[in-house]
Amino acid sequence: MSRDDRDASTDGAHRGGEQARAAAEAVARRSYGKLVAFLAARTRDVAAAEDALSEAFAAALADWPLSGCPANPEGWLLTVARRKVIDMYRGQRRDEHAGDELRVLGFGLEEGSAGGEVPAIPDQRLALVFACAHPAIEANIRAPLILQVVMGLDAKRIASAFLMSPAAMGKRLVRAKEKIRQAGIPFRVPEREELGERLDTVLGAIYGAFAEGWTDLAGTDGARRDLAEEAIFLCRVVTELLPGEPEALGLLALMLHAEARRRARRDSHGEYVPLAEQDFALWDTAMIAEAEAFLRRASGMGSIGRYQLEAALQSAHVHRRRAGVANWEEVVQLYDALMAVVAGSPVVAVNRALAIAELHGAGPGLAAMQEVAGDPRLTEYQPYWAARAELLARAGARGEARAAYEMAIGLERDAAVRRWLQQRQAALTDRTES
Amino acid sequence: MQYLLMLHAEEAGWERLTKEQQQQGAAAYMAYGEALKQAGVLRGSNRLRPSSAATTVRVANGKPQVVDGPYVESKEQIGGYYLIDVADLDAAISWASRCPGAGHGTVEVRPVWSM
């Protein structure tokens, strides 16, 4: 073989490797959760399903460059992964029931006959999502668990987005999966009578993932931005599989509204721009239209809820900016309705107080905020201090406003927001001196 | 549980800032310290003089060796610390992420042995 030939063949292998990787990544993005769900549904052993699947992906990367990408990559991966799971069980259990177990592990799919086609894999992702967001699973690990098991994100990225050490996050994820297996948490979509409550925890976990992604204002942190996108993607899956649930549509509308304004939240110098000053030419109009359509569809179902109300608030803010009409009365009404649904949420109370200030002035706004000021959860909640500072400044209580800004600055993570708050605080000082 | 938040940053970085940026930076640290105090978690904090002021001491074979400069020569040096008392690592990480130093450098979170 001449040197040139060798180079050409290495080149070809390299290209094949690239193609195989791209194909495997595409399947992973599209089908990871579907494959885990299918593999784990009967054994409830999520960790084993994940291990088997990652081995199958490794096998694909070794095999596909040589023999070409299979016509049905999903089916190929499932066949290999299923064999791995069976091998694992054979290794562990040598008792007489092993045969039964293995028959169960046949997963009701006929072994693909030579040249025969692989039957379509049923989509059990929703059942998997419900297992991950089961009330028996610790509340604050549900969103990370869904992101890993259903979306295939790796633990390191998830840990960083949720501000946890990778080791601690890894351990908690392992423990949660162990719990699913040991406690016999079912892989099924709950029956109608308990669906509402259970769907709440699922939507809460999705929103939790989105909120973590949303805190990255600049969109410079890839892991965080992806998290917001993953959350929207997952919520789309939920709305497709449960089309009759208005709150799922409401959450999707809410997240799309927020996401649509992402670009407008920073100016060309990377400085923070609050909603009231955003250039709405930078908003993603197609995404807003989509959000509005989902919200309309949800409200047509005649059952109002937290996410629909929050989406309606977003919609009202967008409308106000675009049409230039003050609709604060409507906004306050929406907050009143929201307060009734999520009783005792200091976060909602703070936002409602801001809306009241727009409608009736800073004094009544501060009075409304005073009602929740004693809540210990607010001590470390930056938006509370920023809102308080804003209203105190408007009311002319400059000393108190400065102190409140000081707290808000000290609690803020994002350097750009911190600078913005510092400017507000400094403007206050200047006015006092002049 | 107590944690030491160690602020590693490029030492020359501060000098490169404009006067206004320095003021803003200092004010951000002040506000951060205030928030730690208000939350009742601050146990101690200090800003360190530059590592050019450091001296390292080591005793080998009974003989003290005194060397001018920091232990590790590196562009990034410890510029200060906060000692905080919080419930767990998650809370410590949450405070570390709010530290202005996490934006322009790195904050190392180290649990303290309780005596």
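Residues numbered from 1 in each chain as written. Chains lettered and ligands numbered in written order. Predicted model: local features only at pLDDT ≥ 70, side-chain atom pairs only at ≥ 80, totals over all residues. Heavy atoms only, no water.

### Details of the overall build of chain B
1) Next: Looking only at helices and strands, one finds 4 helices and 6 strands in chain B.
2) Next: Beginning at the N terminus, the succession of helices and strands in chain B can be written as β-α-α-β-β-β-β-α-α-β.
3) Next: Based on the C-alpha atoms only, the size of chain B along its principal axes is roughly 50 × 45 × 15 Å.
4) Next: Within the span of chain B, comprising 115 residues, buried residues form 34% of the whole.
5) Next: A separation threshold of at least 6 residues defines the contact pool for chain B, and within that pool the share at least 24 residues apart is 74%.
6) Next: Of the roughly 7,400 Å² that chain B leaves accessible, carbon and sulfur atoms contribute 54%.
7) Next: In chain B, which carries 11 positive and 12 negative side-chain charges, the distance between the mean positions of the two groups comes to 5 Å. (Helix = DSSP H or I, 4+ residues; strand = E, 2+ residues; numbered from the N terminus. Buried < 20%, exposed > 50% of the residue type's maximum accessible area, 1.4 Å probe, protein only. Contact = heavy atoms within 4.5 Å. Areas by Shrake-Rupley, 256 points an atom, 1.4 Å probe, with all protein chains shown as cover. Lys, Arg positive; Asp, Glu negative; His and termini not counted. Charge placed at Lys NZ, Arg CZ, Asp CG, Glu CD.)

### A word on the domain arrangement of chain A
Residues and elements named next belong to chain A.
1) Next: The assigned domain composition of chain A is domain 1 (3–105) and domain 2 (124–218).
2) Next: Counting residues at the interface gives 16 residues for domain 1, matched by 14 residues for domain 2.
3) Next: Roughly 1,300 Å² of surface becomes buried between domain 1 and domain 2 when both sides are summed, with 62% attributable to carbon and sulfur atoms.
4) Next: Taken together, the links from domain 1 to domain 2 amount to 1 salt bridge.
5) Next: Residue Glu50 is joined to Lys177 by a salt bridge in which the shortest nitrogen-to-oxygen separation is 2.6 Å.
6) Next: Our enumeration of links across domain 1 and domain 2 arrives at 2 residue pairs in polar contact (both at pLDDT 80 or more).
7) Next: Listed by contribution, the elements that provide at least two residues to the side of domain 1 that touches domain 2 are α1 (3–40) and α2 (46–67).
8) Next: A total of 8 residues in the side of domain 1 that touches domain 2 trace back to one element, the largest contributor, which is α1.
9) Next: Taken together, the residues of the side of domain 1 that touches domain 2 break down into 8 nonpolar, 2 polar and 6 charged. (Domains from an automatic or database assignment. Buried area = accessible area lost by both parts, 1.4 Å probe. Salt bridge = Lys/Arg side-chain N within 4 Å of Asp/Glu carboxyl O. Polar contact = N/O pair within 3.5 Å; in protein donor to acceptor, adjacent residues only side chain to side chain. Nonpolar A, V, L, I, M, F, W, Y, C, P; charged D, E, K, R; others polar.)

### A look at the nonpolar core
1) Next: Phe187, Ile206, Leu251 and Met255 of chain A together with Tyr82, Ile84 and Trp95 of chain B are the most contacted members of the largest nonpolar core, which totals 145 residues.
2) Next: With 10 residues, the top contributor of residues to this core is α1 of chain A.
3) Next: Each of domain 1 (3–105) and domain 2 (124–218) of chain A gives at least three residues to this core.
4) Next: Those residues in contact with Trp95 of chain B, other than ones at most four positions away along the chain, are Glu380 and Leu411 of chain A together with Tyr32, Ala35, Leu36, Ala39, Val41, Ile84 and Val86 of chain B.
5) Next: Of all hydrophobic cores here, the second largest spans 5 residues; its members include Ala264, Trp283, Ile288 and Val318 of chain A. (Core = buried A, V, L, I, M, F, W, Y, C linked by side-chain atoms within 4.5 Å.)

### Describing the packing of helix α11 (residues 246–260) of chain A against helix α13 (residues 306–323) of chain A
Residue and element names in this part refer to chain A.
1) Next: Relative to each other, α11 and α13 sit at 35 degrees, their axes nearing to 7 Å. Like other packed secondary-structure pairs, α11 and α13 cross with a definite hand, here left-handed. Facing Pro246, Glu247, Gly250, Leu251, Ala253, Leu254 and His257 of α11, the residues of α13 in contact are Arg306, Tyr307, Gln308, Glu310, Ala311, Gln314, Ser315 and Val318.
2) Next: Of the residues in the contact of α11 with α13, the class split is 7 nonpolar, 5 polar and 3 charged. (Axes fitted to C-alpha atoms, helices over the stretch in contact; angles between N-to-C directions. Left-handed = near helix turned anticlockwise from the far one by under 90°.)

### A short note on empty space enclosed by the protein
Residues and elements named next belong to chain A.
1) Next: Evaluated as defined, the whole model comprises 2 cavities of 30 Å³ or more.
2) Next: In this structure, the largest cavity encloses a volume near 70 Å³.
3) Next: Looking at the largest cavity, it is lined by 13 residues, and the ones nearest its centre are Arg29, Gly33, Val150, Met151 and Phe233.
4) Next: Of the residues forming the lining of the largest cavity, the biggest block, 6 residues, is contributed by α1.
5) Next: Mapped onto the domain boundaries, the lining of the largest cavity takes at least three residues apiece from domain 1 (3–105) and domain 2 (124–218).
6) Next: A volume near 40 Å³ is recorded for the second largest cavity.
7) Next: Residue composition of the lining of the second largest cavity, grouped by class: 8 nonpolar, no polar and no charged. (1 Å grid on protein atoms, 1.4 Å probe; cavity = no way out; pocket = protein on both sides within 12 Å on 5 of 7 lines; lining within 4 Å. Points joined across faces, edges and corners; volume = space filled by probe spheres on them.)

### Points about the interface of chain A and chain B
In many reports, interface size means the accessible area that the parts give up when they come together.
1) Next: Each partner contributes to the interface: chain A provides 16 residues, whereas chain B provides 19 residues.
2) Next: A combined buried area of about 1,500 Å² lies between chain A and chain B, and 55% of that area is made up of carbon and sulfur atoms.
3) Next: Linking chain A with chain B are 1 salt bridge.
4) Next: The salt bridge involving Glu380 of chain A is made with Arg98 of chain B; its shortest N-O contact spans 3.4 Å.
5) Next: Where chain A meets chain B, there are 6 residue pairs in polar contact (both at pLDDT 80 or more).
6) Next: Taken together, the elements giving at least two residues each to the side of chain A that touches chain B come down to α18 (398–411) and α19 (415–433) of chain A.

### Re α2 of chain A
Residue and element names in this part refer to chain A.
1) Next: For α2, spanning 22 residues, the distance from its first C-alpha to its last is 30 Å, which sits close to the expected 32 Å at 1.5 Å a residue.
2) Next: Bending of α2 peaks at approximately 30 degrees at the position of Leu61, with proline Pro65 no more than four residues after it.
3) Next: Where α2 is concerned, the buried positions are Val46, Ala48, Ala49, Glu50, Ala52, Leu53, Ala56, Phe57, Ala60 and Trp64. (Expected span 1.5 Å × (residues − 1). Bend = angle between axes of the 7 residues up to and from the residue.)

### A closer look at the layout of surface pockets
Residue and element names in this part refer to chain A.
1) Next: Approximately 470 Å³ is the volume attributed to the second largest pocket.
2) Next: Lining the second largest pocket are 17 residues, and of these Glu25, Ala28, Arg29, Tyr32 and Gly152 sit closest to its centre.
3) Next: Sorting elements by how many residues they give to the lining of the second largest pocket places α1 first, with 6 residues.
4) Next: Grouping the amino acids of the lining of the second largest pocket by side-chain chemistry returns 7 nonpolar, 2 polar and 8 charged.

### Here we look at unusual backbone geometry
1) Next: Even without being glycine, Arg44 of chain A reaches a positive phi, approximately 60 degrees.
2) Next: Turning to its location among the elements, Arg44 of chain A is positioned in the loop between α1 and α2.
3) Next: The exposure class of Arg44 of chain A is partly exposed, given its relative accessible area of 30%.
4) Next: Although it is not a glycine, Asn61 of chain B adopts a positive phi angle of roughly 50 degrees.
5) Next: Among the structural elements, Asn61 of chain B can be located in the loop between β3 (55–60) and β4 (63–68).

### Describing the pattern of salt bridges
All names here are of chain A.
1) Next: All told, the structure shown has 20 salt bridges over all chains when counted by the stated rule.
2) Next: For Arg394, the salt bridge identified is with Glu358, shortest N-O distance 3.4 Å. Here Arg394, found in helix α17 (residues 382–394), pairs with Glu358, found in helix α15 (residues 346–360); they are 36 residues apart in sequence, far enough to count as distant.
3) Next: For the salt bridge of Glu390 with Arg424, the shortest nitrogen-to-oxygen distance reads 2.6 Å. Within this pair, whereas Glu390 is found in helix α17, its partner Arg424 is found in helix α19, the two being separated by 34 residues in sequence.
4) Next: Taking relative accessible area as the criterion, Arg424 reaches 27% and is therefore assigned partly exposed.

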